[in-house]
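# Chains, contacts and geometry: an overview
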Amino acid sequence: MKRRTFFATALVAGLGFTVQAQAATQWDLASAYPAFNFHSQNLTQFAKDVGAATQGDLKITVHSGASLFKMPEIKRAVQGNQAQAGEFFMVSFQNEWQPFGLDGLPFLAGNYDEAWKLYQAQKPALQKKLDQQGMVLLYAVAWPPQSIYSNKPINSGADLKGMKWRVYSPTTARIGELVGAQPVTIQEAELSQALATGVIEGLITSSATGADNKLYENMKYFTNVQAWIPKNAVVANKKAVEALSPASRDALLKAAAAAEKRGWDESRKVDADSIAKLKAGGMEIVEPSAQLKADLTKVGDTVIQEWTAKAGDDGKQILDAYRASK
């Protein structure tokens, strides 16, 4: 009797172990932004939602602050399944595929409503490209609009000439060339040190990045040109997604859709809050002059024409769909 009980107990324990093992699918999600950034907070909530919806069948651990992979490495890490999911800044990969840089084109989309329409036009081609690369698009969220930080007033394009200009994408590099600035490639994690040591003298980035990195400690002016509204894409390895149970896969995609809406709503709020933080930190908030707008629009037209020539049919179809939606 004791022996039978022992085997029964062992069998139950073994079955329990098997169920537990099957339930414990672990994913690592790599991100380059600090834990307090709104994108990172959205990722954390997304991971919690997935864990709750799958009842522990899928557990996602978010690694923020480039603690798992540096920003330029994250996309490839997801493709190779070194990380099952990750977040990357799409415009930084424009040279790989031109439509990745679409939402970094100057003055193509000047507000959140236009940026959302641009994303909807871009999304089918984006999903197809990522699928070809062995990934699934989970969601994408916009940064606040990109504006100019500097230590001197910027009243025209000529005021940017000779400035050590931080770049993070082919477009920001090309803008620097067109205005006669000196492009310097700096990732966000290196931004504060680059400013403090004079490696860069000016940059174009979002109000959120400026507030997160306390740019008011090294920069005096924020010129609110709202040049473009770029996005982060959150992706997963395709094979990792396919290995999930149908129920877990459905829960993952539903949580992703919720994260996308939450992220866009939060981005609008963060923009206003971040500009207030910059002002409270002593930065002067300046609206662009008519001359600066005209100069930058001219630069933007050149950049868009060059992009369109490189992007081919994919780019043309996206632009046509976007312009038809406006």
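Preceding this paragraph is the structure being described.
Here is a short report on the structure shown in this document. Just so you know, these numbers come straight off a predicted model, no measurement behind them.

For the rest of this paragraph, the subject is the nonpolar core. In summary, soluble globular proteins display a tendency toward joint burial of nonpolar side chains. Of all hydrophobic cores here, the largest spans 86 residues; its most connected members are Trp27, Phe46, Ile60, Tyr139, Trp165 and Leu252. Here the element with the most residues in this core is helix α10 (residues 290-325); it accounts for ten residues. Excluding anything up to four places from it in sequence, Tyr139 contacts Asn42, Leu43, Phe46, Tyr119, Asn232, Ala233, Val234, Ala256, Ala259 and Glu260.

This part covers the packing of helix α4 (residues 112-132) against α10. Closest axis-to-axis distance for the α4/α10 pair is 9 Å, and the angle between their directions is 145°. The handedness of the crossing between α4 and α10 is right-handed. Residues Glu114, Lys117, Leu118, Ala121, Gln122 and Ala125 of α4 form the contact with α10, whose own contacting residues are Ile318, Ala321, Tyr322 and Ser325.

Let's shift gears to the side chain of Thr205. Following the sequence through the fold, Thr205 ends up in strand β8 (residues 202-206). A residue is classified by how much of its surface remains accessible, and Thr205, at 4% relative accessible area, is buried. Leave out the neighbours within four places in its chain, and Thr205 touches Pro145, Gln146, Ser147, Tyr149, Arg166 and Leu215.

Moving on, we get to helix α5 (residues 170-179). Working note: α-helix, 3.6 residues per turn, so residues spaced by three or four point in the same direction. Within the span of α5, buried status applies to Thr171, Thr172, Ala173, Ile175, Gly176 and Val179. Of the surrounding elements, those touching the buried residues of α5 are β6 (164-167), β7 (182-185), β8 and α10.

The next point concerns the sheet that holds strand β5 (residues 146-150). Across the sheet, which stays open at both edges, the six strands sit in the order β7-β6-β8-β5-β9-β11 with mixed pairing between neighbours. Looking at strand neighbours, the two that pair on one side only are β7 and β11 (284-286), the edges of this open sheet. Taking the axes of each pair of neighbouring strands and ignoring which way they run, one obtains an average angle of 30° across the sheet. Both β5 and strand β9 (residues 221-223) contribute to a ladder of three bridges, which runs antiparallel. Across the sheet, the residue bridging to Tyr149 is Phe222, located in β9.

Moving on: the pattern of salt bridges. Here the idea is simple: oppositely charged side chains can pair when their charged atoms come close. For the structure on display, the rule yields twelve salt bridges. Put simply, Arg174 and Glu306 hold a salt bridge, and the shortest N to O gap is 2.8 Å. Taken together, the residues span a long stretch of sequence, with Arg174 in helix α5 and Glu306 in helix α10 at a distance of 132 residues. By relative accessible area, Glu306 is classed as partly exposed at 27%. Asp320 is paired through a salt bridge with Lys316; the nearest N and O atoms lie 2.9 Å apart. Taken together, the residues Asp320 and Lys316, both in helix α10 and four residues apart, mark about one turn of the helix. With a relative accessible area of 39%, Asp320 lands in the partly exposed category. When its relative accessible area of 47% is taken as the criterion, Lys316 is described as partly exposed.

With that settled, consider the sheet that holds strand β10 (residues 231-237). What links the strands of a sheet is backbone hydrogen bonding, and the strands pair in either a parallel or an antiparallel sense. Here five strands make up an open sheet; going across it, the order is β2-β1-β3-β10-β4 and the pairing mixed. If you trace the sheet from one side to the other, it starts and ends with β2 (58-63) and β4 (135-142), each paired once. Within the sheet, the average angular offset between the axes of one strand and its neighbour, ignoring direction, is 20°. In this sheet, β10 lies alongside β4 in antiparallel orientation, the contact comprising seven bridges. Looking at β10, one finds that Val136 is bridged to Ala236. Most of the contacts of helix α2 (residues 38-53) go to β4, to which it runs at about 135°, and overall it touches β1 (25-30), β2, β3 (85-89), β4 and β10. Packing against the sheet, helix α3 (residues 71-79) makes contact with β1, β3, β4 and β10, and its axis sits at approximately 140° to β3.

Right, let's get into the packing of aromatic side chains. In this structure the tally under the stated criterion is twelve aromatic pairs. Ring centres of Phe88 and Phe93 lie 5.2 Å apart, and the angle between their planes is 80°; this geometry places the pair in the edge-to-face category. Residue Phe88 shares its accessibility class with Phe93, and that shared class is buried. Ring pairs connect the aromatic residues Tyr33, Phe38, Phe89, Trp143 and Tyr168, which therefore count as one cluster.

How each quantity is defined
Residues numbered from 1 in each chain as written. Predicted model: local features only at pLDDT ≥ 70, side-chain atom pairs only at ≥ 80, totals over all residues. Heavy atoms only, no water. Core = buried A, V, L, I, M, F, W, Y, C linked by side-chain atoms within 4.5 Å. Buried < 20%, exposed > 50% of the residue type's maximum accessible area, 1.4 Å probe, protein only. Helix = DSSP H or I, 4+ residues; strand = E, 2+ residues; numbered from the N terminus. Contact = heavy atoms within 4.5 Å. Axes fitted to C-alpha atoms, helices over the stretch in contact; angles between N-to-C directions. Left-handed = near helix turned anticlockwise from the far one by under 90°. Pairing = 2+ DSSP bridges. Salt bridge = Lys/Arg side-chain N within 4 Å of Asp/Glu carboxyl O. Phe/Tyr/Trp six-rings, centres within 6.5 Å; stacked < 30°, edge-to-face > 60°.

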